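Descriptive structure summary
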Amino acid sequence: MSTPTPHLRSIATVSLSGSLAEKLEAAAVIGFDGVEIFENDLLTFDGSPADVRRIAEDLGLAITIFQPFRDFEAMPEPQRRRNLDRAERKFDVMQALGTDLVLVCSSIHPATLDDPARAAADLAEMAERAGARGLRVGYEALAWGRHTSRWRQAWDIVQRAGHPALGLIVDSFHTLCLDDDFAGLADLPGERIFFVQLADGPRLSMDPLSWSRHFRNLPGQGQLDVAGFLRATLASGYQGPLSLEIFNDDFRAAPARLTARDGLRSLILVEAEAGAATLPPPPRFDGVEFLEFAVDAEARARLCAFLASLGFRHAGSHRSKDVELWRQGRINLVLNAEPDSAASEHFQLHGASVCAMALRVDDAGAALTRANALLSPPWQERIGSGERQIPAVRVPDGTLIYLIGPDPSGRTIWEDDFDLIPADADDALTSIDHIAQSLPTGRMDGFVLFYRAIFGFEPAQVWEIPDPYGLIRSRAMLSPDGTIRLPLNISESRETATGRFVSAYSGAGVHHIALATGDIHCAVDAMLARGGTLLPIPENYYDDLAARHGLDDATLEALRARNLLYDRDEHGEFIHAYTEAFDDRFFCEIVERRGYQGFGAVNATVRLAVQAQRREARRGVARMASM
Ligand code: MG
Ligand code: MG
């Protein structure tokens, strides 16, 4: 069987921010083969179409299409005649640009006639004129087109026109936002499809035009079946470019290269999902092996005291680096104060905080190959002789993710690199339940794509959590086996806990670590006995809790006495508590799951309110002190 030629990978300039020159540069640097030139980008460009052609050629970019040509077909005279003149002028531009294809989207003009035969005749005439110049015309059904809104209608018009220079253009968003059936695309002759545009989107109930203009996102970021659409389209035998056409408020504000990298990653992923390319499968996961904190000697002393109050003990020291292992149950925390390391760089930028996490996988090598193919190259930390090289990738915020596979030697990384201090302890906390991260504004979709593409994690439902100073959106990424849970939080407001975290922290990062226990009452009592403190929960919370869940007095009192929070879903109960924040950077959560699947989002509101009050109180004290 011969391998099919790979499809040209293209992105529409409208999807990227910046000047046209910046857009082209970003697309080329990241590795796209071509770009769609959006007419508006040309209008605002300070130069001629021939200049654009030269820049693109120098960058090695093909101009895959010129778009859009609007309100062309089935117009009454005199617009019909004028439209044909307009087409000739666009053909001039295309020839100067060096592209042979123009996208005509179905007319939305109120004067458009409901007459497919006329539409076909007009497009045939346009194609005749284009063909005379060696150019081609592609016709696309806009979901909100006046009389043509579905790909079958557009295909019917293309067939009626019967001109070799006229073909069909399909766009996943226009098809999927109408819930239109895409299976039939597989039966079309592939050479009659001139161009394929791809976009995803969240499932929203709003008019397709606003939905499309503001909420489109990259394949793999939304909830539409873009892979199914692409599979059907490719089954037709289509050989042309695959092009991303995204309109999105976040993309307009994000750096072009960031969007371009996410874009190419999404295209590689959706091609693989549609069976057009191969990727190694994502690894199988088995929980978190360790979390690594960047510290210096001073922060380490305080962090050790904080961890000791939670029941952690010093369990080992690195043989060649200034790195300590703290341990409890299956939870390993690494405190890295080694100068001149990735951790020290992280500490300089962000203060004492999580700089890396390590995930247990079945095959680290295959996982790295997949990550690399999806534009996340391996990261290598300097190691001493005889130490294990642990493969790692970097999350878009710079946090490292180590991948720990079984070693052929049968030895653990701890045995390899650490002098371990034996202990037998009765550990109350057993494993890491979840690791919550705060993301910069506009980056939720990028992180969702990263975890989905590289690791095959699945996004859970979106929660909107009211903070006293704004709204926080939260969405957890879950490993398929359920052992790794990473809630991602984002906020538009700089005043919410998430917003403040991101600005104070110069970027994203881990903002709380939830530790699982089999008996939270015992775990908390032991912690309090060691001098630890929990975030105090207001009395009103417990009054409300009693009313909502009908808890008996003894249960309620046990919760109230320990500042425990409670939630319940159809799977079971959840009891949890929060520590005070460490350096205003992160805090720990202690959780007992009794089958419950969520993250206690209803209680996060209470936590956010208490944390905000305490921040305000501390500010007040600081003001008094400075008076
Ligand atoms: Mg389109
Ligand atoms: Mg939590």
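What you are looking at is a predicted structure, and each value in this text was computed from that prediction instead of being measured.

1. Section: a nonpolar patch on the surface
- A cluster of nonpolar side chains, L204, M206 and F215, forms an exposed patch at the surface whose accessible area comes to about 220 Å².
- The class for F215 is partly exposed, based on a relative accessible area of 36%.

2. A closer look at the coordination of the magnesium ion (ligand 2)
- Protein coordination at the magnesium ion (ligand 2): the donors are H434 (NE2), H512 (NE2) and E589 (OE), at 2.1 to 2.2 Å from the metal.
- Spacing between the donor residues of the magnesium ion (ligand 2) along their common chain follows H-x77-H-x76-E. Taken together, the positions of H512 in strand 21 (residues 509-517) and E589 in strand 24 (residues 587-594) put the pair 77 residues apart, joining distant regions of the chain.
- You can call E589 buried: its relative accessible area is 1%.

3. Some thoughts on the coordination of the magnesium ion (ligand 1)
- The magnesium ion (ligand 1) binds to the protein through E140 (OE), D171 (OD), Q197 (OE1) and E245 (OE), with metal-donor distances spanning 2.1 to 2.2 Å.
- Along the chain, the residues donating to the magnesium ion (ligand 1) are arranged with the sequence spacing E-x30-D-x25-Q-x47-E. Here Q197 lies in strand 7 (residues 193-198) and D171 lies in strand 6 (residues 166-171), a separation of 26 residues in the sequence.

4. Comments concerning the packing of helix 18 (residues 520-529) against helix 20 (residues 553-562)
- Contact geometry for helix 18 and helix 20: axes closest at 11 Å, N-to-C directions at 30°. When the axis of helix 18 is compared with that of helix 20, the two are roughly parallel. Relative to helix 20, the crossing made by helix 18 is left-handed. Residues H521, V524 and D525 of helix 18 touch helix 20, and the partners they reach there are A558, L559 and R562.
- Along the lines of polarity and charge, the residues of the contact of helix 18 with helix 20 split into 3 nonpolar, 1 polar and 2 charged.

5. Description of the side chain of T148
- Here T148 shows up in the loop between strand 5 (136-140) and helix 6 (151-161).
- Within polar-contact distance, the side chain of T148 engages the side chain of Y139 at 3.3 Å.
- Excluding residues that lie within four positions of it along the chain, T148 makes contacts with S106, Y139, A141, L142, Q153, A154 and I157.

6. Some words on the domain arrangement of the chain
- For the chain, the assigned domains are domain 1 (9-273), domain 2 (285-420) and domain 3 (429-616).
- If you average the C-alpha positions of domain 2 and of domain 3, the two centres end up 23 Å apart.
- Of the residues lining the interface, 38 residues belong to domain 2; the matching set on domain 3 comes to 38 residues.
- Carbon and sulfur atoms supply 72% of the area that domain 2 and domain 3 bury against each other, a total of about 3300 Å² over both sides.
- Three residues, F285, L310 and H350, lead the burial of domain 2 against domain 3; their summed loss comes to 19% of the area buried on that side.
- On the surface where domain 2 and domain 3 come into contact, there are 1 salt bridge.
- Put simply, R302 and D583 hold a salt bridge, and the shortest N to O gap is 2.7 Å.

7. What about the packing of aromatic side chains?
- As enumerated under the stated definition, the model contains 20 aromatic pairs in all.
- On the basis of an interplanar angle of 70° and a centroid distance of 5.0 Å, the ring pair of F285 and F457 is categorised as edge-to-face. Here F457 lies in the loop between helix 16 (444-455) and strand 18 (458-467) and F285 lies in strand 9 (residues 285-294), a separation of 172 residues in the sequence. Comparing F285 with F457, the two get one shared label, buried.
- Ring centres 5.6 Å apart and planes at 40° place the aromatic pair F455 and F457 in the tilted group. Of the two residues examined, F455 and F457, each falls in the buried class.
- Pairwise contacts between aromatic rings join F285, F450, Y451, F455 and F457 into one cluster.
- Taking NZ or CZ as reference, R607 lies 4.9 Å from the ring centre of Y578, over its face.

8. So, the sheet that holds strand 17 (residues 429-438)
- The sheet built from 8 strands is open, its strands ordered 18-19-20-17-21-24-23-22 with mixed pairing. Every other strand in the sheet has two partners, leaving strand 18 and strand 22 (565-569) as the edge strands with one partner each. Across the sheet, the axes of successive neighbouring strands diverge by a mean angle of 25°, strand direction being ignored.
- Note that strand 23 (residues 572-578) and strand 24 share 5 bridges and pair antiparallel. Looking at the pairing, H576 lines up with V591 of strand 24.
- Seen against the sheet, helix 16 touches strand 17, strand 18, strand 19 (470-478) and strand 20 (485-491) and runs at an angle of roughly 10° to strand 19.
- Packing of helix 17 (residues 497-504) onto the sheet brings it into contact with strand 17, strand 18, strand 19, strand 20 and strand 21, and relative to strand 20 it is tilted by some 90°.

9. Digging into the pairing of strand 20
- Of all 7 residues in strand 20, 7 are buried; the element is thus mostly enclosed.
- For strand 17 and strand 20, the ladder comprises 2 bridges, and the chain directions are parallel. From the neighbouring strand, Q437 faces strand 20, where its bridge partner is L488.
- The pairing of strand 19 with strand 20 spans 7 bridges and is antiparallel. Note on strand 20: the bridge partner recorded for M477 is L486.
- A loop of 6 residues connects strand 19 with strand 20, the two strands running antiparallel in sequence, and G482 in this loop sits at a positive phi of about 85°.

10. Observations concerning helix 20
- For helix 20, the set of buried residues is L556, L559 and R562. Looking straight down helix 20, one finds that the buried residues subtend no more than 145° of arc, so they occupy a single side. Across from the buried face of helix 20, at angles greater than 90 degrees, the exposed residues are D553, A554 and A561.
- Of the surrounding secondary structure, the elements contacted by the buried residues of helix 20 are helix 18, helix 19 (539-549), strand 22 and strand 23.
- Among the residues of helix 20, the N-terminal cap falls to D552, whose side-chain oxygen and the backbone nitrogen of A554 are separated by 3.1 Å.

11. Here we look at empty space enclosed by the protein
- Following the criterion strictly, the structure yields 4 cavities of 30 Å³ or more and no others.
- In this structure, the largest cavity is lined by 21 residues; those nearest its centre are E292, H318, K321, I390 and Y402.
- Among the elements of the structure, strand 9, strand 12 (331-336) and helix 15 (413-417) are those that each provide at least two residues to the lining of the largest cavity.
- Taken together, the residues of the lining of the largest cavity break down into 9 nonpolar, 4 polar and 8 charged.

12. Some details on the sheet that holds strand 12
- Taken together, the 8 strands give an open sheet; going across it, the order is 14-15-13-9-12-11-10-16, and neighbouring strands pair in mixed fashion. Strands at the two margins of the open sheet, each flanked by one partner only, are strand 14 (392-394) and strand 16 (418-420). Mean inter-strand twist for the sheet, computed between neighbouring axes without regard to direction, equals 25°.
- Judged from the 4 bridges that link them, strand 10 (residues 313-318) and strand 11 (residues 323-328) form a sheet pairing that is antiparallel. Looking at the pairing, S317 lines up with E324 of strand 11.

Rules used throughout
Residues numbered from 1 in each chain as written. Chains lettered and ligands numbered in written order. Predicted model: local features only at pLDDT ≥ 70, side-chain atom pairs only at ≥ 80, totals over all residues. Heavy atoms only, no water. Patch = residues over 30% accessible without salt bridge, like charges linked within 9 Å, V, L, I, M, F, W, Y side chains within 5 Å. Areas by Shrake-Rupley, 256 points an atom, 1.4 Å probe, with all protein chains shown as cover. Salt bridge = Lys/Arg side-chain N within 4 Å of Asp/Glu carboxyl O. Buried < 20%, exposed > 50% of the residue type's maximum accessible area, 1.4 Å probe, protein only. Donors = N, O, S within 2.8 Å, 3.2 Å for Na, K, Ca; no water. Helix = DSSP H or I, 4+ residues; strand = E, 2+ residues; numbered from the N terminus. Axes fitted to C-alpha atoms, helices over the stretch in contact; angles between N-to-C directions. Parallel < 35°, antiparallel > 145°, perpendicular 65-115°, else oblique. Left-handed = near helix turned anticlockwise from the far one by under 90°. Contact = heavy atoms within 4.5 Å. Nonpolar A, V, L, I, M, F, W, Y, C, P; charged D, E, K, R; others polar. Polar contact = N/O pair within 3.5 Å; in protein donor to acceptor, adjacent residues only side chain to side chain. Domains from an automatic or database assignment. Buried area = accessible area lost by both parts, 1.4 Å probe. Phe/Tyr/Trp six-rings, centres within 6.5 Å; stacked < 30°, edge-to-face > 60°. Lys NZ or Arg CZ within 6 Å of the ring centre and 35° of its normal. Pairing = 2+ DSSP bridges. Arc of directions from axis to C-beta. 1 Å grid on protein atoms, 1.4 Å probe; cavity = no way out; pocket = protein on both sides within 12 Å on 5 of 7 lines; lining within 4 Å. Points joined across faces, edges and corners; volume = space filled by probe spheres on them.

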